[in-house]
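Coordinates in review
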Amino acid sequence: MEVVIVPDAEAGGELVATAMAQLLGRKPAALLGVATGSTPLPVYRALAAQVAAGRADVSRARIAQLDEYVGLPPEHPESYRSVLAREVLEPLGLGLEAFMGPDGTATDVQAACEAYDRALAAAGGVDLQLLGIGTDGHIGFNEPCSSLASRTRIKTLTEQTRIDNARFFDGDISQVPHHVITQGIGTILEARHLVLLATGEGKADAVAATVEGPVAAICPASALQLHPHATIVADEAAASKLKLADYFRHTYANKPEWQGI
Ligand code: F6R
């Protein structure tokens with residue numbers, strides 16, 4: 001996989017937004033898979049700025065959700081559907097018709113998960129999937145020891161992930177749901193291009209395990225090593241524990257520009 005080390009989160013956001021804009025230039029109705037959390041926000045801001053500057057056309061883009069809390073009504077401000085409407089759809093001028101996601105309030109959760117996997121395939125598959133990474137190496141909400149072949153399904157969040165996410169619920173962990181629907185690792189690996197963005201020192205161990213550790217379910221993001229087109233974009237702090245950081249810098253600095261990421 002390719003590792004691109006950028007100075008800071010804003011530079012990472014600009015780089016990934018540019019990759020999305022270039023993809024949409026080649027394929028205007030591309031299906032972009034998007035994550036929630038803090039890390040991707042600079043990407044969404046940069047893409048909206050590129051649209052405003054006339055450098056990106058997202059008018060035919062389609063957006064697919066990576067994961068969703070189970071039991072939060074869609075209109076709850078912290079349901080991931082609401083978050084993505086606020087952070088992605090509205091700034092890009094897209095409506096809900098451009099959006100697809102799993103139903104976190106379905107009575108039959110398993111059936112909703114299977115229906116979402118089918119819907120993704122019927123939509124032609126995800127062209128570019130943006131991922132964040134948990135401090136424990138999770139992608140989507142595939143917590144450690146998730147099957148590397150898993151499909152979209154219900155998962156139980158670890159206590160650490162609920163603590164990490166309490167900041168979105170007024171710091172009150174009791175409000176953070178225990179369960180989520182997440183695209184499985186096998187589902188995620190079907191996207192044509194995976195872009196994992198990691199920023200901040202808190203992600204440094206997880207990034208090192210993802211890139212330089214073995215492919216192992218204990219670090220779900222290490223499954224990206226199996227993908228033919230996976231890009232890790234890490235800021236200096238998140239890349240600080242990579243043994244091969246200088247090699248990655250050298251390789252990217254000498255990459256043919258036309259190749260993009
Ligand atoms: C959320 C998701 C998670 C987050 C991860 C990092 O949709 O897929 O894997 O990307 O928990 O969260 P932040 O970016 O808030 O550190």
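See the structure above.
This structure is a prediction, so every number in the text was calculated from the model and none was measured.

**So, the overall build of the chain**
- The secondary structure content of the chain amounts to eight helices and 10 strands.
- C-alpha extents for the chain along the principal axes are approximately 50 × 40 × 35 Å.
- Here the chain holds 261 residues, and 53% of them are scored as buried.
- Taking as baseline every contact in the chain between residues at least 6 positions apart, the subset at least 24 positions apart corresponds to 76%.
- Total accessible area on the chain stands at roughly 11100 Å², and carbon and sulfur atoms take up 56% of it.
- Between the centroid of the 20 positive side chains of the chain and the centroid of its 31 negative side chains there is a distance of 5 Å.

**A few points about the pairing of strand 3 (residues 62–65)**
- Across four bridges, the pairing between strand 2 (residues 31–34) and strand 3 is parallel. Of the residues in strand 3, the one forming a bridge with Gly 33 is Ala 64.
- The parallel pair strand 2 and strand 3, bridged by helix 2 (residues 41–52), forms a crossover whose chirality is right-handed.
- Looking at chain direction, strand 3 and strand 5 (residues 99–100) are connected through two bridges and run parallel. For Ala 64, the partnering residue across the bridge sits in strand 5 and is Met 100.

**Here we look at the nonpolar core**
- Met 20, Val 43, Leu 47, Ile 63 and Leu 130 are the most contacted members of the largest nonpolar core, which has 35 residues in total.
- Within the residue set of this core, elements represented by two or more residues are strand 1 (2–6), helix 1 (9–26), strand 2, helix 2, helix 3 (80–92), strand 6 (128–131) and strand 9 (193–198).
- For this core, the element with the most residues is helix 1, which contributes seven residues.
- Each residue touching Val 43, except ones within four places of it in the same chain, is listed here: Gly 13, Val 16, Ala 17, Met 20, Leu 130 and Leu 197.

**Some words on the site of the ligand**
- Around the ligand lies a shell of 15 residues, among which Thr 36, Thr 39, His 138, Gly 140 and Lys 203 are the nearest.
- Protein contact buries 92% of the 410 Å² of open area that the ligand shows by itself.

**Describing the side chain of Arg 153**
- Among the secondary structure elements, Arg 153 is positioned in strand 7 (residues 153–156).
- Buried and unpaired, Arg 153 has no salt bridge, with Asp 117 as the nearest side chain of opposite charge at 8.2 Å.
- Polar contacts involving the side chain of Arg 153 include one to the side chain of Asn 142, which spans 2.9 Å.
- Apart from residues no more than four positions distant in its own chain, Arg 153 is found in contact with Cys 113, Asn 142, Ser 146, Val 180, Ile 181, Thr 182, Gln 183 and Gly 184.

**So, the sheet that holds strand 5**
- A sheet is described by the order of its strands in space; here seven strands give the open sequence 1-10-9-6-2-3-5, paired in parallel fashion. The open sheet has two free edges, formed respectively by strand 1 and strand 5, since each of these has just one partner strand.
- Pairing analysis gives four bridges linking strand 6 to strand 9, with the strands arranged parallel. Across the sheet, residue Leu 128 finds its bridge partner in strand 9, namely His 193.

**Observations concerning unusual backbone geometry**
- Although it is not a glycine, Cys 145 sits at a positive phi angle of roughly 75 degrees.
- With respect to the element layout, Cys 145 can be found in the loop between strand 6 and strand 7.
- The backbone of Asp 170 shows a phi angle near 55 degrees, a positive value even though the residue is not glycine.
- Mapped onto the elements, Asp 170 comes out in the loop between helix 5 (159–165) and strand 8 (179–182).
- Given a relative accessible area of 72%, Asp 170 falls into the exposed group.

Rules used throughout
Residues numbered from 1 in each chain as written. Predicted model: local features only at pLDDT ≥ 70, side-chain atom pairs only at ≥ 80, totals over all residues. Heavy atoms only, no water. Helix = DSSP H or I, 4+ residues; strand = E, 2+ residues; numbered from the N terminus. Buried < 20%, exposed > 50% of the residue type's maximum accessible area, 1.4 Å probe, protein only. Contact = heavy atoms within 4.5 Å. Areas by Shrake-Rupley, 256 points an atom, 1.4 Å probe, with all protein chains shown as cover. Lys, Arg positive; Asp, Glu negative; His and termini not counted. Charge placed at Lys NZ, Arg CZ, Asp CG, Glu CD. Pairing = 2+ DSSP bridges. Right-handed = clockwise from strand over helix to strand, strands pointing away. Core = buried A, V, L, I, M, F, W, Y, C linked by side-chain atoms within 4.5 Å. Near = heavy atom within 4 Å. Salt bridge = Lys/Arg side-chain N within 4 Å of Asp/Glu carboxyl O. Polar contact = N/O pair within 3.5 Å; in protein donor to acceptor, adjacent residues only side chain to side chain.

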